[in-house]
Amino acid sequence: MSLLGKVTVTGSEHLNGPLGKIVVCNHVGWVDPLWVGYAVLPRTLHQMAKKELFDNPISGWFVRSGGGFPVDRGRPSTATIKHAVSLVERGSLVLIFPVGTRNQDNADAKRGAATIALRAKGEIVPAHYDGPERFRLIHLFRRPLIRITFGAPVVIPQDVSANKATALQLTNELDQAMKIVSQQGRPV
């Protein structure tokens, strides 16, 4: 991966500690999960990936080998949520794009990451990816700049209940934390 880009990672210390973490990040293209996964090496970054990626045996194998697991974005199953909760409870890192799909700024976050964090009692680490949307042939000759910024974790109080109102409130908090991290990750 380092042959395809000049990578700068800041804030990776926020991923340390015994608690599992949910990394929430902006999603601009199909390569950002690869770069964010690269930024946390040697740890595995388990990723919720749209189920359509698993329909093709090659892309399905590739996503699974990187720690990905399928999610139906329209109707996330209880099993998918339980799997993500289990990973976080075991101390793993789980990547979720809270807006759900590739987007520009100002899209509303969904409450899935907050719901998982509340159930698992994990921490939410806001992240920002700044780089290309996809790999291009020119990247072999002129490596693009890629910046990945991890912000301070949003800590979930142990005594808070996992209900819809709390999840919505936590979603608003993580949305604000992601906006702050995006400003930190922008070049000056």
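As a starting point, this report considers the structure included with it. (Residues numbered from 1 in each chain as written. Predicted model: local features only at pLDDT ≥ 70, side-chain atom pairs only at ≥ 80, totals over all residues. Heavy atoms only, no water.)

### Notes on the overall build of the chain
Put simply, the rule reads: Secondary structure elements follow DSSP: runs of H or I no shorter than four residues count as helices, runs of E no shorter than two count as strands, and numbering proceeds from the N terminus. Each radius of gyration is computed over the set of C-alpha atoms, and the globule rule expresses the reference value as 2.2 Å times the number of residues to the power 0.38. Three labels apply to residues, based on accessible area from a 1.4 Å probe with only protein chains included: buried if under 20% of the type maximum, exposed if over 50%, partly exposed otherwise in between. Note on definitions: a residue-residue contact is assigned when non-hydrogen atoms from the two residues lie within 4.5 Å. Surface accessibility follows the Shrake-Rupley procedure with a 1.4 Å probe radius. Residue values consider only the protein chains on display as shielding.
When helices and strands are counted, the chain shows five helices and eight strands. Computed over C-alpha atoms, the radius of gyration of the chain comes to 16 Å, within 12% of the 16 Å expected from 2.2 N^0.38 for 188 residues, which places it in the range of a compact globule. By the burial criterion, 45% of the 188 residues in the chain qualify as buried. The long-range fraction of contacts in the chain, counting pairs at least 24 apart against all pairs at least 6 apart in sequence, stands at 73%. Summing over all exposed atoms, the chain offers an accessible surface of approximately 10300 Å²; the carbon and sulfur share of this is 54%.

### Some details on the pattern of salt bridges
For clarity, the threshold we go by: When a carboxyl oxygen of Asp or Glu is within 4 Å of a side-chain nitrogen of Lys or Arg, the pair counts as a salt bridge.
Summed over the entire model, instances satisfying the criterion amount to four salt bridges. A salt bridge links Lys21 to Glu123, with the nearest nitrogen and oxygen atoms 3.3 Å apart. With a gap of 102 residues between them, Lys21 in strand S2 (residues 21–25) and Glu123 in strand S6 (residues 123–130) connect regions that are remote in the sequence. Put simply, Asp175 and Lys179 hold a salt bridge, and the shortest N to O gap is 3.9 Å. Here the residue Asp175 and the residue Lys179 both occupy positions in helix H5 (residues 164–185), the gap between them amounting to four residues, near one helical turn. Take Asp175: its relative accessible area is 17%, and that puts it in the buried class.

### Side note on the layout of surface pockets
Test applied: For cavity detection a 1 Å grid was placed over the protein atoms alone, and a set of points counts as a cavity when a 1.4 Å probe fits there but cannot get out; an open set counts as a pocket when protein lies on both sides within 12 Å along at least five of seven lines, with lining residues being those that have an atom within 4 Å of a point. Grid points are joined across faces, edges and corners, and a volume is the space filled by probe spheres set on the points.
If you add up the space inside the largest pocket, you get close to 1000 Å³. Around the largest pocket, the lining is made up of 38 residues, and of these Gln47, Met48, Ala49, Lys50 and Phe97 lie nearest the centre. Mapped onto the lining of the largest pocket, the elements with two or more residues apiece are helix H1 (32–39), strand S3 (45–50), helix H2 (57–65) and helix H4 (112–120). Here the lining of the largest pocket takes five residues from S3, the largest share from any one element.

### Notes on the environment of Gly74
Take Gly74: it is sitting in the loop between strand S4 (68–71) and helix H3 (78–89). Exposure remark for Gly74: the relative accessible area of 66% places this residue in the exposed category. The sequence separation of Gly74 and Lys50 amounts to 24 residues, and the corresponding C-alpha distance is 9.7 Å.

### A closer look at the side chain of Thr166
Mapped onto the elements of the fold, Thr166 is located in helix H5. With a relative accessible area of 16%, Thr166 lands in the buried category.

### Side note on a nonpolar patch on the surface
Where we set the bar: Here, patches come from residues exposed beyond 30% relative accessible area and free of salt bridges, joined within 9 Å for like charges and within 5 Å for nonpolar side chains (Val, Leu, Ile, Met, Phe, Trp, Tyr).
Taken together, the side chains of Leu137, Ile138, Leu140 and Phe141 make up a nonpolar region of the molecular surface, amounting to roughly 470 Å² of accessible area. Within the fold, Leu140 resides in the loop between S6 and strand S7 (145–150). Judged by relative accessible area, which is 52%, Leu140 ranks as exposed.

### With respect to the nonpolar core
Definition in use: Among buried residues, those of type Ala, Val, Leu, Ile, Met, Phe, Trp, Tyr and Cys that are joined through side-chain atoms within 4.5 Å constitute a nonpolar core.
One finds Ile22, Met48, Ile116, Ile124 and Leu170 to be the most contacted residues of the largest nonpolar core, which totals 26 residues. With six residues, H4 is the single largest residue contributor to this core. If you look at the next biggest cluster of nonpolar residues, it comprises 18 residues, including Leu15, Val23, Val36 and Phe97.

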